[in-house]
Amino acid sequence: IIAFFAPKVLAGQRVLVTAGPTYEAIDPVRGITNLSSGKMGFAIARAAREAGAEVTLVAGPVSLPTPRGVTRIDVRSAQNMLEAVVEQAHDATVFIATAAVADWRPAAPSTQKLKKDGSGRAPQLGFTENADILATLAQSPRGKSGALFCVGFAAESHDLVANAQAKRLRKGVPLLVGNIGPATFGRDDNALLLVDAQGTQELPRASKRELARKLIADIARRTRTESQ
Ligand code: CTP
Ligand code: CA
């Protein structure tokens, strides 16, 4: 296990990772979130650190210990996550977006707890689309030039290859990683599909820890060849 990263394949790289869900407030005591556990992103941060990178992990609300040697920034909403990522991205060389960012937030969160008014009618919530953190970075000057190598994740319920390839192109990222079903939320294992301009490659079912190491080794190869 130690030998696996004996040559520190990411030495000198600064890796920024997002992980976990986001939480979008409805009022001071209620909000909307999702079932992301953060396990895959935390495993990736740990593997990147073990491979010699300087690692910053921007985490939504999760209950996981911080991997040794990793700088962790806790955030709550998608807007908080975007701010933290933009602040950290200027000197990063790799950005890995594993977070399950809420696509929408309540448009007008109440500053006071919503109360039943006795009429039996439920409140009507309006929504606003959140900014796309991955696309924002991928389309920034450093993302476009390849100085910041951007990696996306996607959980698709159907047509994984076609949807993942379309998503990769839409986001403008060189590498998109698909979760091969069934739903992997909270599980300790997973199987991944790597989608790039050349096509697809499968990382067969294994622990998230082992997959994280394989993915980091793959990203190290890509950033080495692409920066030469
Ligand atoms: N992502 C992001 N910011 C968002 C939404 C998604 O950074 N506001 C990132 C995720 O972290 C992931 C990738 O984009 O790396 C794909 O997320 P996904 O939810 O699969 O894609 P969407 O573009 O949101 O499309 P949809 O949910 O409609 O399939
Ligand atoms: Ca989404």
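Residues numbered from 1 in each chain as written. Chains lettered and ligands numbered in written order. Predicted model: local features only at pLDDT ≥ 70, side-chain atom pairs only at ≥ 80, totals over all residues.

1. Here's the deal with the confidence of the model for the chain
- Per-residue confidence for the chain gives a mean pLDDT of 93, with 95% of residues at or over 70.
- Interface confidence for the predicted complex, given as ipTM, is 0.99, next to a pTM of 0.95. (pLDDT = per-residue confidence, 0-100.)

2. With respect to the sheet that holds strand β5 (residues 71-74)
- Strands sit in the order β5-β4-β1-β6-β9-β10-β11-β12 across an open sheet of eight strands; the sheet is mixed. Looking at which strands have only one partner, the edges of the open sheet turn out to be β5 and β12 (199-207). Mean inter-strand twist for the sheet, computed between neighbouring axes without regard to direction, equals 20°.
- Of the pairings in the sheet, the one linking strand β1 (residues 14-19) to strand β6 (residues 94-97) comprises four bridges and is parallel in character. From the neighbouring strand, V15 faces β6, where its bridge partner is V94.
- Contacts from helix α1 (residues 39-50) reach β1, β4 (54-59), β6 and β11 (189-196), with the element oriented near 165° to β1. (Pairing = 2+ DSSP bridges. Helix = DSSP H or I, 4+ residues; strand = E, 2+ residues; numbered from the N terminus. Axes fitted to C-alpha atoms, helices over the stretch in contact; angles between N-to-C directions. Contact = placed C-beta atoms within 7 Å.)

3. Remarks on unusual backbone geometry
- The phi dihedral of D159 is positive, around 45°, even though this residue is not glycine.
- You can see D159 is positioned in the loop between β9 (149-155) and α5 (160-171).

4. A few points about the pairing of β6
- Residues V94 and I96 of β6 are buried on one face, and the alternating residues F95 and A97, pointing to the opposite face, are buried as well.
- One ladder, built from four bridges, connects β6 with β9; its direction is parallel. For F95, the partnering residue across the bridge sits in β9 and is C150. (Buried ≥ 20, exposed ≤ 12 C-beta atoms within 10 Å, placed from the backbone.)

5. Some words on the environment of D189
- Summarising the element assignment, D189 is placed in strand β11.
- Judged by the 13 C-beta atoms lying within 10 Å of it, D189 is partly exposed.
- C-alpha of D189 to C-alpha of P28: the two residues are 161 residues apart in sequence and 35 Å apart in space.
- The residues touching D189, leaving out its near neighbours within four places in the chain, are R205, A206, S207 and K208.

6. A few points about the pairing of β4
- Among the six residues in β4, five count as buried, and that is most of the element.
- Two elements, β1 and β4, share six bridges in a ladder whose sense is parallel. By the bridge assignment for β4, R14 is matched with E54.
- In terms of strand pairing, β4 meets β5 through four bridges, oriented parallel. Bridge pairing in β5 links T56 to T71.

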